[in-house]
Amino acid sequence: GESVGLHLPTLSVQEGDNSIINCAYSNSASDYFIWYKQESGKGPQFIIDIRSNMDKRQGQRVTVLLNKTVKHLSLQIAATQPGDSAVYFCAAPFAGNMLTFGGGTRLMVKP
Amino acid sequence: DTGVSQNPRHKITKRGQNVTFRCDPISEHNRLYWYRQTLGQGPEFLTYFQNEAQLEKSRLLSDRFSAERPKGSFSTLEIQRTEQGDSAMYLCASSYLGTQETQYFGPGTRLLVL
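Residues numbered from 1 in each chain as written. Chains lettered and ligands numbered in written order. Predicted model: local features only at pLDDT ≥ 70, side-chain atom pairs only at ≥ 80, totals over all residues. Heavy atoms only, no water.

Let's talk about the overall build of chain B
Under the convention used in this document: Numbering of helices and strands runs from the N terminus, with a helix taken as a DSSP run of H or I at least four residues long and a strand as a DSSP run of E at least two residues long. Two things to know: the radius of gyration comes from C-alpha atoms, and the globule rule equals 2.2 Å times the number of residues to the power 0.38. For every residue, the accessible area obtained with a 1.4 Å probe (protein chains only) is divided by the maximum for its type, and the residue is called buried under 20%, exposed over 50%, and partly exposed between those limits. Residues count as neighbours in contact if any of their non-hydrogen atoms are within 4.5 Å of one another. Shrake-Rupley sampling with a 1.4 Å probe provides the accessible areas, and residues are treated as covered by the protein chains on show and by no other component. We treat Lys and Arg as the positive residues and Asp and Glu as the negative residues; His and chain ends play no part in the count. Lysine's charge is taken at NZ, arginine's at CZ, aspartate's at CG and glutamate's at CD.
Counting secondary structure elements, chain B contains 0 helices and 11 strands. For chain B, the sequential pattern of α-helices and β-strands runs β-β-β-β-β-β-β-β-β-β-β. In terms of overall size, chain B behaves like a compact globule, its C-alpha atoms giving a radius of gyration of 13 Å where 114 residues would be expected to give roughly 13 Å. Counting only C-alpha atoms and orienting by the principal axes, one finds that chain B spans roughly 40 × 25 × 25 Å. Split into buried and exposed, the 114 residues of chain B put 47% on the buried side. Sequence separation of 24 or more characterises 54% of the internal contacts of chain B that already satisfy a separation of 6 or more. Just so you have it, chain B exposes about 5,900 Å², and 45% of that area is on carbon and sulfur atoms. Within chain B, one finds 14 positive and 12 negative side-chain charges whose respective centroids are separated by 7 Å.

So, in structure tokens, the structure goes:
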């Protein structure tokens, strides 16, 4: 079946450095891909999404890259701050409207 | 705050009891979703509504689970005869039917079955 998965369960970065969180998916049938941020005890918070006909999309301090050839998605966070510490999920609606989530990467920002 | 709201935020119950959770979506959103999330995992889809119609249900949704959205606005998720394995975070999300439907999540209801 369809799946998304993150490459690393935990990522530790120094405050001010750039962070890169990677995700791979197994099915090419999704129209778009989404990144969510989840802080402890809270629901997932939408960060940025990208349609399947795009390779790159930029937001405020975040960039999502999509490589459909190798079925790979990445989230880049510039100048990582302590408030960026959270679990990050990639997700995609592979079957209808239900989102399939990856297992999440915990980002830890060291002061 | 016009985001998705969920009540209660926490629920502790004894095995065998029934529980009901409520979700209020973003007001103009006509789609509403329920997900379940266990510790260390990503959310898993349970079911979704378009207006008052329940259009899709996951195999995870056993016959002890029932969801309603009677007037196409708020939704309830009921779990009957709770089991310890039901302990999880229950998340609600809503979206607006359109060309790209971003799902916005509520804060979740954390259920602990003793």
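Structural notes on the interface of chain B and chain A
Note the threshold: Summed over both partners, the accessible surface that disappears when two parts come together, traced with a 1.4 Å probe, is what is meant by buried area. A pairing counts as a salt bridge when a side-chain nitrogen of Lys or Arg comes within 4 Å of a carboxyl oxygen of Asp or Glu. Polar contact is the term for a pair of N or O atoms within 3.5 Å; when the atoms are in protein, one must be able to donate a hydrogen and the other to accept it, and sequence-neighboring residues count only if both atoms are side-chain atoms.
Taken together, the 23 residues of chain B in the interface contact 18 residues of chain A. Both sides together, the interface formed by chain B and chain A hides about 1,600 Å², and carbon and sulfur atoms give 49% of it. Run the count over chain B and chain A and you get 0 salt bridges. On inspection of chain B and its partner chain A, the count reaches 5 residue pairs in polar contact (both at pLDDT 80 or more). Elements supplying a minimum of two residues to the side of chain B that touches chain A: strand 4 (31-37), strand 5 (44-50), strand 9 (88-95) and strand 10 (104-105) of chain B. Ranked by residue count, the leading element in the side of chain B that touches chain A is strand 4 of chain B, at 4 residues.

Examining the sheet that holds strand 7 (residues 65-68) of chain B
All names here are of chain B. This is how it is decided: Pairs of strands are assigned from DSSP output, requiring at least two bridges between the strands. Helix axes are fitted only over the stretch in contact, all axes being lines through C-alpha atoms; the angle between N-to-C directions runs from 0 to 180 degrees.
Strand order in this open sheet of 4 strands is 1-3-8-7, and the pairing throughout is antiparallel. Single-partner strands in this sheet number two, and they are strand 1 (5-7) and strand 7. On average, each strand axis in the sheet is inclined to that of its neighbour by 15 degrees, with strand direction left out of account. Examined bridge by bridge, strand 7 and strand 8 (residues 75-79) share 4 bridges and lie antiparallel to one another. Bridging from a neighbouring strand, Glu 68 pairs with Thr 76 of strand 8.

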